[in-house]
Amino acid sequence: FAGWTADSIHTEQSVTKSVTSLVTGIAIARGDLQGVDQPLVDLFARYAPIANLDDRKQALTIRDVLTMRTGMDWNEDSYVGSPLEQLNQLQTDWLRFVIDWPMREQPGTRWQYNSGGVIALGGAIGLAAGMNTADYARTYLLRPIGITGDKWVRGFPDLLPHTGGGLYMSTRDLARVGYLVLRRGKWNGTQIVPEAWIAESTRPLVTPTYRLGGRTSSYGYLWWLARSRVDGREV
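Since this is a predicted model, take the numbers as computed values, not measurements.

*Asks:* I'm lost on the overall build of the protein chain in this one. Help?
*Replies:* Counting its secondary structure elements, the protein chain contains nine helices and 11 strands. Taking 18 Å as the expected radius of gyration for a compact globule of 235 residues, we find that the protein chain reaches 17 Å, a close match to that expectation. In terms of overall dimensions, the protein chain has a C-alpha envelope of 50 × 40 × 40 Å along the principal axes. Expressed as a percentage of its 235 residues, the buried residues of the protein chain come to 48%. In the protein chain, 66% of the contacts between residues at least 6 apart in sequence involve partners at least 24 apart. Summing over all exposed atoms, the protein chain offers an accessible surface of approximately 11400 Å²; the carbon and sulfur share of this is 51%. Separation between the mean location of the 25 positive side-chain charges and that of the 23 negative ones in the protein chain comes to 7 Å.

Quick look at the structure:
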């Protein structure tokens, strides 16, 4: 395992996005977010005036971020020189960087991978709840399922966690996340993530143009969804 052990914490890269999806479901259930059709800019009132604000940006919803159909002029197919590389190297406000980014088309029309949008969503949850987003994730998702050794890449403002790809955890802790989802959001008899959110977020909603692992996949709310054969059955 190239020097890693079962107890090592390891970068989860974009698996972080799926954890962010779970946190989003919790935030909606708790009332910190109004729902998937809530406009993203409504959650960034403190950033007014927002640059490049037009009807398309005002129409951008949480659902559009979750399904990677933001309509933003954003492309990270090649990391070098991409908006994502610029953000990762930024020493100032990540949220300002994303929410000010120009639009290209109407949200909800075309799938385009956008880690910045997920970082903005994570930041919006923290703003709405009045607490750091990493603390929110720990309080309502990670600690209740026994995860205590997580670490986050952090930026600005206020040690904002990189919810697009900055989560570190051990193999066993990641297995806890998988077990939670397999149990439809329930842990030891307690509903941690709403069952309806698990069902909705893990069903095929979009067909990405990008081929993951050389094959076509579907996409839910920040979940890659692939078909496999198990015991002769397609699942």
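*Asks:* Mind showing me how you'd approach helix H8 (residues 171-182) here?
*Replies:* Along an α-helix, a turn takes 3.6 residues, which lines up residues three or four apart on a common side. The terminal C-alpha atoms of H8, which comprises 12 residues, lie 16 Å apart, in line with the 16 Å expected from a rise of 1.5 Å per residue. Three or more residues of H8 are buried, namely Asp173, Val177, Leu180 and Val181. Buried positions in H8, seen along its axis, are confined to an arc of 100° and lie on one side of it. Across from the buried face of H8, at angles greater than 90 degrees, the exposed residues are Thr171, Arg172 and Leu182.

*Asks:* Which parts of the structure should I look at to understand the sheet that holds strand S2 (residues 151-152)?
*Replies:* Think of a sheet as strands paired side by side through backbone hydrogen bonds, with each pair either parallel or antiparallel. With antiparallel pairing, the three strands of this open sheet are ordered in space as S1-S5-S2. Each edge of the open sheet carries a strand with a single partner, namely strand S1 (10-11) and S2. Relative to strand S5 (residues 167-169), S1 is paired through two bridges, and the arrangement is antiparallel. Bridge pairing in S5 links threonine 11 to tyrosine 168.

*Asks:* What's the story with the packing of aromatic side chains in this structure? I'm lost.
*Replies:* Geometry of an aromatic ring pair is reported as the spacing of the ring centres plus the angle between the planes. Tallying each qualifying case throughout the model produces 13 aromatic pairs. Geometrically, the ring pair formed by tryptophan 74 and tryptophan 101 is edge-to-face, given 5.4 Å between the ring centres and 65° between the ring planes. With tryptophan 74 in the loop between helix H3 (62-66) and helix H4 (83-88) and tryptophan 101 in the loop between helix H5 (94-99) and helix H6 (115-129), this pair connects stretches of sequence that are 27 residues apart. By relative accessible area, which is 1% here, tryptophan 74 ends up buried. Taking the relative accessible area as the measure of exposure, tryptophan 101 reaches 17% and is therefore buried. Measuring from ring centre to ring centre gives 6.1 Å for tyrosine 210 and tryptophan 224, while their planes differ by 55°; the resulting arrangement is tilted. Here the residue tyrosine 210 occupies a position in the loop between helix H9 (195-201) and strand S8 (218-219), and tryptophan 224 occupies one in strand S9 (residues 224-225), the gap between them amounting to 14 residues. The class of tryptophan 224 is partly exposed, set by a relative accessible area of 27%. Here a set of aromatic residues connected by ring pairs shows up, and it is made of Trp111, Tyr113, Tyr210, Tyr219 and Trp224.

*Asks:* Explanation requested: the packing of helix H1 (residues 15-30) against helix H7 (residues 133-142) in the structure shown.
*Replies:* Two measures define how a pair of helices packs: the angle their axes make with one another and the distance between the axes. Two numbers describe how H1 lies on H7: the axes approach to 10 Å, and their chain directions differ by 80°. As summarised for this structure, H1 and H7 are arranged roughly perpendicular, according to the angle between their axes. In this structure, H1 contributes Val19, Leu22, Val23, Ile26, Ala27 and Arg30 to the contact, and H7 contributes Tyr136, Ala137, Tyr140 and Leu141. Taken together, the residues of the contact of H1 with H7 sort by class into nine nonpolar, no polar and one charged.

*Asks:* Would you mind showing me how to read the nonpolar core here?
*Replies:* Buried together is how nonpolar side chains tend to be arranged in soluble globular proteins. Among the nonpolar cores identified, the biggest contains 62 residues, and Phe44, Leu141 and Val193 are the most heavily contacted of them. Residue contributions to this core peak at six residues, all from H6. If we ignore the near neighbours within four places in the chain, the residues touching phenylalanine 44 are Ile50, Leu95, Ile99, Ala120, Ala124 and Leu127.

Quick notes on the rules
- Residues numbered from 1 in each chain as written.
- Predicted model: local features only at pLDDT ≥ 70, side-chain atom pairs only at ≥ 80, totals over all residues.
- Heavy atoms only, no water.
- Helix = DSSP H or I, 4+ residues; strand = E, 2+ residues; numbered from the N terminus.
- Rg over C-alpha atoms; globule rule 2.2 N^0.38 Å.
- Buried < 20%, exposed > 50% of the residue type's maximum accessible area, 1.4 Å probe, protein only.
- Contact = heavy atoms within 4.5 Å.
- Areas by Shrake-Rupley, 256 points an atom, 1.4 Å probe, with all protein chains shown as cover.
- Lys, Arg positive; Asp, Glu negative; His and termini not counted.
- Charge placed at Lys NZ, Arg CZ, Asp CG, Glu CD.
- Expected span 1.5 Å × (residues − 1).
- Arc of directions from axis to C-beta.
- Pairing = 2+ DSSP bridges.
- Phe/Tyr/Trp six-rings, centres within 6.5 Å; stacked < 30°, edge-to-face > 60°.
- Axes fitted to C-alpha atoms, helices over the stretch in contact; angles between N-to-C directions.
- Parallel < 35°, antiparallel > 145°, perpendicular 65-115°, else oblique.
- Nonpolar A, V, L, I, M, F, W, Y, C, P; charged D, E, K, R; others polar.
- Core = buried A, V, L, I, M, F, W, Y, C linked by side-chain atoms within 4.5 Å.

Note that every value here comes from positions in space, so none of it alone points to a role or purpose.
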